[in-house]
Amino acid sequence: MIDLTGNENPNNRDLIVEIEKANRYVSREETEMLLGLLADYSGFLKDRIIVDYGTDRLVERVILKYHKNRTLYVINPNEYGFISFAKDIGMKVKRIQLIPDALKIDWGKMDIKNAILVIDYPNNPTGNLLIDEDRLKKLLEDNIVIIDEAGYEYSNLTFSKLIDDNENLCIIRTLDKAVGLAGFKIGYMTFGKGLMKCQEGSNVLNRPGIMACEQALKDKDYIEKTIERNKEIKNRLIKALNESDVYVYESYANYFLVRTEIPDFSLKLRNRNILIKDLSGSWLKGYYRISMGNEAEMAELINTINEIKK
Amino acid sequence: MIKVGLIVNPIAGMGGKVGLKGTDGKMYEKALELGAKPVTGPRLENVLKLITRKDIFFYTAPKKMGEDYLKEYNFPYEVVGEVGGETTVNDTKRLAVEIKDRGVDVIVFVGGDGTARDILDAVKTEVPVIAVPSGVKMFSSAFVLSANAAAEMINTFSDDFIEKEILDIDEEAFRNNILDAKYYGTVLVPNIEKLLQGKKAASNIKGIAVDRKKEVAKYIIENLNKDCLYILGPGTTVKEITDGLGVRKTLLGIDVLFNGEIVCFDATERDILALMKEHGNTKIIVTPIGGSGFIFGRGSRQISAEVLKGIQKEDIIIVSTLDKVGGLPCLRIDSGDRSVDERLSGEIDVLVDYNEELVMEVKC
């Protein structure tokens, strides 16, 4: 089965994770070492980094500390797990419907105040950019904004330079994607000085995770090759898909949104052992997200689509 | 020069505001007794005044089936055939054939699902149609979104067409709270999807969707205001609220709730206006029609433009489930009064779960 639903890195990596000192908690030195590595890798200030098990948990930390009298805003569709958490603690949730073909949010039409907004940049599942710097600054005047830069390594676009001057801004990233550590679920976050309460509590990560980070972040070659390979395969794939009655939307990420009139598209692929994400459960029919696989998987995808068309 | 056929069903839609859910058969007389007024003529006028192209010639059905409205405008036209005092289904079918035989490029008809069936019987796919919605239910996907959409279709008319469905709705079953919609056939319509309404989609009856409806209802019940009149639209999502309150509600009609009790069952437009006058503070709870996203103007004509004139946008509560409404690019309104539709257009919140909303755009 070729699984293109997961928004993962298709290239496996070799890691040596020794489970020594399993009877001992992670030491302060180990955590400091991890934060130093992440600071070097991301350019974030070391004392303004929080690490946790996945980006959902990081958003939950912000929500927990700052939810009082605020509404949580997210884009629809999304795959966020923190929405249930927000509702469980009594927070109102608003989803903003994203509409093709423009795939833009008209922020100017919306009067958003006293909110925590989570905006993925690039957006998942479309791979599009839904906000610009001016609009973000405007939103930050009355709201906490969490920018989810999970796809940063692929887009090379970030709002991190705004952190110093915008106390209500958070930026979250992950080592799940380009760094290839999805199995460890390692998220990290930097934040403006108005959100220091997020730092209360410890950085949460276990020893195998820290060891994996140490090796992965030093392996720059893997990350660069992943990004380069992603770019090459993506360009070839878009060309091939466009010739197959499948419309591909521009994407800044390691996945892309496609639209097709081929009936039961995802089901037909599934019956041929290829999984893609059908978005019709909570969004529009005929739209799918395809995560980048490796070269062989992508070739198989194209061949299968051409078979289905016949 | 395009040659346009024109047929108006003068009695279509009259049952809507008086709660009859259709004007098939003897219901027309009952609608008159209840004070119903013709709606298709004014609807056609809303289309005619927006037609800007000059290279147009109409072949119209006589008198109130088209001629009476067309003659008020400066379009060149010819009257086709004859009709007596009261018009019937047979008049619609016969005139459609006669108009088709004049070699028209397209037939514009004004009516509801019943009229659409008659036109299909008469012309099949031999000539394309522009279906102007002015009935009660109008669930067929062949209908355009509004009078403005019909005019735009005429103004941009070309030779690109697609097939769209006509549904056969059992009116008697509909009056008994059963939506029995069957595929009846297809007609050809201009291929401009953005001007066409979607097909009505059935409500999701999977366990999780039913649970979400219950959560939506729970939130509404917990937040009902005392001494506020609630006009409840049709559909299973709204009915979940009255089920939660333990009171009876029509599934496909309009009911009015006040302090936890239904004060008007299967209300007409007149009932609603009288209650609004009596109570003042009024809110409307509706669910969009699956597939097309209409919140007003399809299937619930009792909540008319007159009713909506007395309602603020923030007093419209839209309820749905994410699987249903998330599949829509926008919500739609077509009350028959453009100024009302424009006032209620723009961003609106749809309650999709307990304390959870989807921000959508209402378009007209």
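It should be noted that the structure appears before, not after, this text.
The sections below set out a description of the structure shown in this document. (Residues numbered from 1 in each chain as written. Chains lettered and ligands numbered in written order. Predicted model: local features only at pLDDT ≥ 70, side-chain atom pairs only at ≥ 80, totals over all residues. Heavy atoms only, no water.)

A few words on helix α9 (residues 295–309) of chain A. Residue and element names in this part refer to chain A. Relative to the 21 Å expected for 15 residues at 1.5 Å per residue, α9 spans 21 Å between its end C-alpha atoms, a close match to the ideal helical length. Contacts made by the buried residues of α9 are with α7 (220–242), β9 (246–248), α8 (265–270), β11 (274–275) and β13 (287–291). The residue sitting at the N-terminus of α9 and contributing the capping side-chain oxygen is Asn294; that oxygen lies 3.2 Å from the backbone nitrogen of Ala296. (Helix = DSSP H or I, 4+ residues; strand = E, 2+ residues; numbered from the N terminus. Expected span 1.5 Å × (residues − 1). Contact = heavy atoms within 4.5 Å. Polar contact = N/O pair within 3.5 Å; in protein donor to acceptor, adjacent residues only side chain to side chain.)

Below, the discussion takes up empty space enclosed by the protein. Residues and elements named next belong to chain A. Tallied over the full model, the rule gives one cavity of 30 Å³ or more. Considered as a void within the structure, the largest cavity measures approximately 80 Å³ in volume. If one sorts the elements of the lining of the largest cavity by residue count, α7 sits on top with four residues. In the lining of the largest cavity, the residues fall into four nonpolar, seven polar and two charged. (1 Å grid on protein atoms, 1.4 Å probe; cavity = no way out; pocket = protein on both sides within 12 Å on 5 of 7 lines; lining within 4 Å. Points joined across faces, edges and corners; volume = space filled by probe spheres on them. Nonpolar A, V, L, I, M, F, W, Y, C, P; charged D, E, K, R; others polar.)

Geometrically, a pair of aromatic rings is defined through the distance of the ring centres and the angle of the planes. Per the stated rule, a full pass over the model turns up 13 aromatic pairs over all chains. Taking 6.3 Å as the distance between ring centres and 25° as the angle between the ring planes, the aromatic pair formed by Tyr73(B) and Phe75(B) counts as stacked. A relative accessible area of 22% means that Tyr73(B) is categorised as partly exposed. Using a relative accessible area of 13% as the deciding quantity, one classes Phe75(B) as buried. Taking the centre distance of 6.3 Å and the plane angle of 65° together, the rings of Phe109(B) and Phe143(B) count as edge-to-face. Remark: Phe143(B) occurs in the loop between β5 (129–133) and α7 (147–155) and Phe109(B) occurs in strand β4 (residues 106–111); sequence separation between them is 34 residues. Among the residues examined, Phe143(B) registers a relative accessible area of 0% and is labelled buried. One aromatic cluster is present, formed by Tyr247(A), Tyr249(A), Trp283(A) and Tyr287(A) through successive ring pairs. Arg289(A) extends its terminal NZ or CZ atom over the ring of Tyr255(A), reaching a point 5.6 Å from the ring centre. Across the ring face of Phe265(B), the terminal group of Arg248(B) is positioned such that the distance to the ring centre comes to 4.2 Å. (Phe/Tyr/Trp six-rings, centres within 6.5 Å; stacked < 30°, edge-to-face > 60°. Buried < 20%, exposed > 50% of the residue type's maximum accessible area, 1.4 Å probe, protein only. Lys NZ or Arg CZ within 6 Å of the ring centre and 35° of its normal.)

Turning to the environment of Gly297(B), a few remarks are in order. Mapping Gly297(B) onto the fold places it in the loop between β12 (294–296) and α12 (305–309). Taking the relative accessible area as the measure of exposure, Gly297(B) reaches 3% and is therefore buried.

Let us now look at unusual backbone geometry. Residue and element names in this part refer to chain A. The amide bond that connects Tyr121 to the next residue, Pro122, takes the cis arrangement and shows omega of 5°. The residue Pro122 is located in the loop between β5 (115–120) and α4 (133–140) in this model. Cis geometry marks the peptide bond from Asn124 to Pro125; its omega dihedral reads 25°. With respect to the element layout, Pro125 can be found in the loop between β5 and α4. Phi is positive for Lys185, close to 50°, though the residue is something other than glycine. With respect to the helices and strands, the residue Lys185 is situated in the loop between β7 (169–174) and β8 (186–191). In the Ramachandran plot, Asp245 falls in the positive-phi region, its phi being about 65° despite a non-glycine side chain. Turning to its location among the elements, Asp245 is positioned in the loop between α7 and β9.

Right, let's get into the nonpolar core. Judged by nonpolar contacts, the single largest core of 63 residues is most densely connected at Ile7(B) and Phe58(B). By residue number, the principal contributor to this core is α7(B), which donates six residues. Ignoring any residue separated from it by four or fewer positions in sequence, one finds Ile7(B) in contact with Ala61(B), Met65(B), Thr92(B), Leu95(B), Ala96(B), Ile99(B), Ile107(B), Val108(B), Phe109(B), Val110(B) and Ile119(B). Listed in part, the 57 residues of the second largest apolar core include Met110(A), Tyr154(A), Leu205(A) and Val359(B). (Core = buried A, V, L, I, M, F, W, Y, C linked by side-chain atoms within 4.5 Å.)

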